[in-house]
Amino acid sequence: MEILAADHHDREVFLTNSFGDRYLFSVNHNTLNQLGAAHVHQERFTDHLEKKNTLFIVLGTDSGTLLPFLVANPAAQGSSFLLLEPSGVFENVQRQYAALDLPGNILYGPAEDFEQLAEKAGIDKYFYAGEVLVVKSLAAEYGFLGEYHDLSFDIQNRCQQRNWRVTLKIKTQPFTHAQLDNVADNVVASTFLAGAFQGRTALLLAGGPSLDAVLPWAKAHRDDLVILAVSRICRRLLEVDLAPDFIFSIDPHRVSYEVSVEMLHFWRDAVLIHSHHASPLLLGQWRGRSIYLGDRFPWKSAMNKPSLPMAGPTVANTALSVAVAMGFSRILLAGMDLCRSREGYTHAAGSNERLAGPQLAAACTQVETYGGWMAETSSDFLSAIAILAVQAGQARQHDVALFNLAESAARVEGIAHISVDAIDILKTPGSANEVVGGIFPDLSRDDRIADLHQVLDELVQAKGQLLHIKKLTREALQCNKGLFGRDGRRADFKHKLRMDKIERKLNGKHADMSTFVKRYAAHQLLKMTILGKDESEWTDSEIEQSAETYYSNYHKNASALLKRIDALKEGIQFRLREEEPGLALLPTLIPQWIKDEQPGRVFVWMDRQQLSEDEVASNLDAFASIRERYQRQFHLGANSLHLKRSRLFASLRGLVGKLLLYAKRQDLIYLKQLASSLEEHPDPEAVKYFLLCSGLVAELENDPDQALEFYQRLFDHQDDVFLEHALQRIASLSVARRDDDNSLLALELLAGLSPAYLVQYGDLLRLLGRSQDALNTYLTYLEKAPGDAAMMMKTGNYFREMNIPEGALEMYRHVLQLDPENQTARQLLRSLEEAILH
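Quantities reported herein were computed from a predicted structural model and do not represent experimental measurements.

**What about the sheet that holds strand β16 (residues 416-417)?**
Strand pairing in a sheet is mediated by backbone hydrogen bonds. Such pairs are either parallel or antiparallel.
Inference 1: Across the sheet, eight strands lie side by side as β11-β10-β9-β8-β7-β12-β15-β16; this open sheet has parallel pairing. Two strands lie at the open edges of the sheet, namely β11 (290-293) and β16, each paired on one side alone.

The following block contains the structure:
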């Protein structure tokens, strides 16, 4: 008798809690029983219900209780809900809520119908508007039912892939802002590096957990390698005193600054290769040589120079593409794992992800490693594996050999594994620094000043075009009012002719800048226009509103860009002031550097002024303050937003369901890895997971005594979730060992935790000959699950066995009330009635 009441089955019966909620125990266990479903959903979904024009993809419905809640609490204007369940759960919930009339903006179905349901919901339109959110129900968050782990991984992976495809070309605003902010620092274009390292070996260092194993070898062979590093690992490189030759950075967001700020320490040794939209907080404080990738301006300009490729989506992808273009004959990859380590880590030592702890509970799939074992990976890593395989094919076309140094890395087609012991490094004359020094443009103060004036001229030209566009779009807005007779005017079709002429100007003389203006906030325009009904159904009022929306957004974008251009011109003027010689201006420069969050700019200024820290410090009291601000950047610690986010990803919630899933699959290797990780986990709560995991391992190793010891230790933690699973396993082991006393005790305690276990408790009482106790237990269960016709039949038959015909009659009659077509119940009822009459 295996005690698995938590397992889902196709005809699982709904239980009822004290709040009247009908729930499936396999799905929710007791998570709805303390506060009730309505309170839980109100707490979790109130903010979502107020959010307009958003598609919420909800993983699970918490036994269907979320469906009537959403019907009773309508979503905000333009928002929709797409709710998905594992197929078996869907069928059960569908039977329970078949009569519920769902509005058109609430779609519900099994996970395998995701693509059809997503199309019906208009998912791409929501992606264009930047408003798709994947939300987990409690059932998916806790993952008691193993199918939710697969559902979560699959749907999030599909959404991520679709989002990349749909929004790659329109969600550009943060990148555009950074590109413009960097325009004074994007001076040296990258093409001069093409082919500069023919015949050399590059070591590309990324942030995966295998990085640590390679670092000692890299240090030992430092002089024979050209080391390329992604910026986020510079904290670790500082710790081991290994300076790279090139550092790569591409991300404009603040998180990139937080995880990469330590790169500023390597300005003497490394060349920074960065995208045109890298974080200004990093680029503005960089003291060394820098080379940019991409266009200098986000519009067509003579100042946009050819560039080496900037492949995405990650900085490691970009670094690899650039390395191939630089001419290396062999590129060794380290820290390019794209999967979790056996301990559950996603990143190397020194990273925020490592500090936060292993990601053990997150939904995942498994990939094969070069070492032959299976390792967990996330949806974004899975995508990166596919992209890396494409890059490997491109590298082969350039006769570049790629090797991954880690056995623990995910196997990628086209990239072979090689151990560091098997590497034969060809020694080549000249260091990377000498190679770059021989070809890097040497910019004097006059060169920098001339370049800044050229940038100013470009901005003046751009401003002129933006002013014309703003004027034309303002006129178009007035014409739209005249066309439909607004502001007391009579409707006149001549305004339509003028609007057509304006559109021709925008798409002709100002075509390049107009395209940029529309693209600048395309997702905002799409959000305002595409979430409505089909154009063929529009009324005149809606047509008018559409044109109003189009031109007002056009006008708004031009106005916003004009403000940004003006601010940028002031910034360039400030940079020109930085070039003025002497200490006199420094007190007026420092406040702006502080405002820009670039205190390290003072050191860039000192280098260009050829002044030492001592000279500046002795002449300016304010220098100590800005130097202290600069140093403070390297000690964000627990205040780092990225670290806080990493700790959320490292949460153990949901791991119980995952442990049970892998135990069901009898994956002993993986469970042992988890047990080892949990034993060393920094979270005090991890001990409970460790005990449960270790017990499951002991069971799979056929050591029931050891398993029982682990499970019994869980009693000390007073946690109902873990107590339930400990009792469940103890009951199963005790039944298998024919330990009747402990079997009964465990099942009695389980029945106290949830009525889902009452049937099994009754069955065991019956097997032990305690007939009346068994019957009372069955009746107690039916009070909690009055819709369980199968159990009523079973109880009726038991009444007959015990020669209690009145009880049997009542049970069969209840069955027929629930299922009038049940011929077995009808026949038994008839025969029993006849027997009583005779």
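**Examining the pairing of strand β7 (residues 201-205)**
Inference 1: Taking burial as the measure, the five residues of β7 include five buried ones, the bulk of the element.
Inference 2: Of the two faces of β7, the one lined by Thr201, Leu203 and Leu205 and the one lined by Ala202 and Leu204 are each fully buried.
Inference 3: Summarising the sheet, β7 and strand β12 (residues 330-334) pair through five bridges and their orientation is parallel. Pairing of Leu203 across the sheet is with Leu332, part of β12.
Inference 4: Across four bridges, β7 lies against strand β8 (residues 226-230) in parallel orientation. Its bridge partner lying in β8, Ala202 is registered against Val226.
Inference 5: In this region the chain leaves β7, passes through helix α10 (residues 211-220) and returns to the parallel neighbour β8; the handedness of that crossover is right-handed.

**Overview of the sheet that holds strand β4 (residues 80-85)**
Inference 1: In space, the four strands of this open sheet follow the order β5-β4-β3-β6, with parallel pairing throughout. Two strands close off the open sheet at either side, each with one partner strand: β5 (106-110) and β6 (132-136). For this sheet, the mean inter-axis angle between neighbouring strands, taken without regard to orientation, is 20°.
Inference 2: Across five bridges, the pairing between strand β3 (residues 55-59) and β6 is parallel. Across the sheet, Ile57 pairs through a bridge with Val134, a residue of β6.
Inference 3: Contacting β4 and β5, helix α4 (residues 87-96) runs over the sheet at an angle of about 125° to β5.

**What about the environment of Leu211?**
Inference 1: Mapped onto the elements, Leu211 comes out in helix α10.
Inference 2: In the structure, Leu211 is positioned 138 residues away from Ala349 in sequence and 8.4 Å away in space, judged by C-alpha atoms.
Inference 3: In this structure Leu211 touches Leu205, Ala206, Ile233, Arg236, Gly335 and Ala348, once residues within four positions along its chain are discounted.

**Looking at the pattern of salt bridges**
Inference 1: One pass over the full model with this rule turns up 38 salt bridges.
Inference 2: As a salt-bridge pair, Glu685 and Lys688 come within 2.5 Å of each other at their nearest N and O atoms.
Inference 3: Exposure remark for Glu685: the relative accessible area of 39% places this residue in the partly exposed category.
Inference 4: Taking the relative accessible area as the measure of exposure, Lys688 reaches 7% and is therefore buried.
Inference 5: A salt bridge links Lys794 to Asp763; the shortest N-O distance between them is 2.7 Å. Of this pair, Lys794 sits in helix α36 (residues 789-801) while Asp763 sits in helix α34 (residues 758-767), placing them 31 residues apart in sequence.

**Thoughts on the side chain of Ser694**
Inference 1: Positionally, Ser694 belongs in helix α30 (residues 686-700).
Inference 2: The exposure class assigned to Ser694 is buried, which follows from its relative accessible area of 6%.
Inference 3: For Ser694, the contacting residues outside a window of four places in its chain are Ala675 and Phe710.

**Remarks on the confidence of the model for the protein**
Atom-level detail of predicted coordinates should not be read off regions where pLDDT is low.
Inference 1: With 92% of its residues at a pLDDT of 70 or more, the protein shows a mean pLDDT of 88.
Inference 2: By mean pLDDT, helix α21 (residues 522-529) is the weakest element of the protein at 57, and strand β9 (residues 246-249) is the strongest at 98.
Inference 3: Note that pLDDT drops below 50 for residues 4-8; the model gives that stretch 22 contacts with residues more than four away or on any other chain.
Inference 4: This model gives residues 530-535 a pLDDT under 50, and the stretch forms nine contacts once residues within four places in sequence are excluded.

Calculation rules
- In this numbering scheme, every chain counts its residues from 1 along its sequence in written order.
- The predicted nature of this model means local features are confined to residues of pLDDT at least 70 and side-chain atom pairs, given and counted, to a pLDDT of 80 or more, with totals for whole chains, interfaces and linings taken over all residues.
- Neither water nor hydrogens contribute to the side-chain values; these are computed over all heavy atoms in the structure.
- For two strands to be treated as a pair, DSSP must find at least two bridges joining them.
- The helix count covers DSSP runs of H or I at least four residues long, the strand count covers runs of E at least two residues long, and both are numbered beginning at the N terminus.
- Only protein chains enter the accessibility calculation, which uses a 1.4 Å probe. A residue is then buried if its area is under 20% of the maximum for its type, exposed if over 50%, and partly exposed in between.
- Whether a crossover is right-handed comes down to one check: with the strands pointing away from the viewer, does the path from the first strand over the helix to the second run clockwise; if it does, it is right-handed.
- To obtain each axis, a line is fitted to C-alpha atoms, and for helices this fit is confined to the stretch in contact; angles are then taken between N-to-C directions over 0 to 180 degrees.
- Contacts: residue pairs with any heavy atoms within 4.5 Å of one another.
- Any carboxyl oxygen of Asp or Glu that lies within 4 Å of a side-chain nitrogen of Lys or Arg is treated as forming a salt bridge with it.
- The predictor reports its confidence for every residue as pLDDT, a score running from 0 up to 100.

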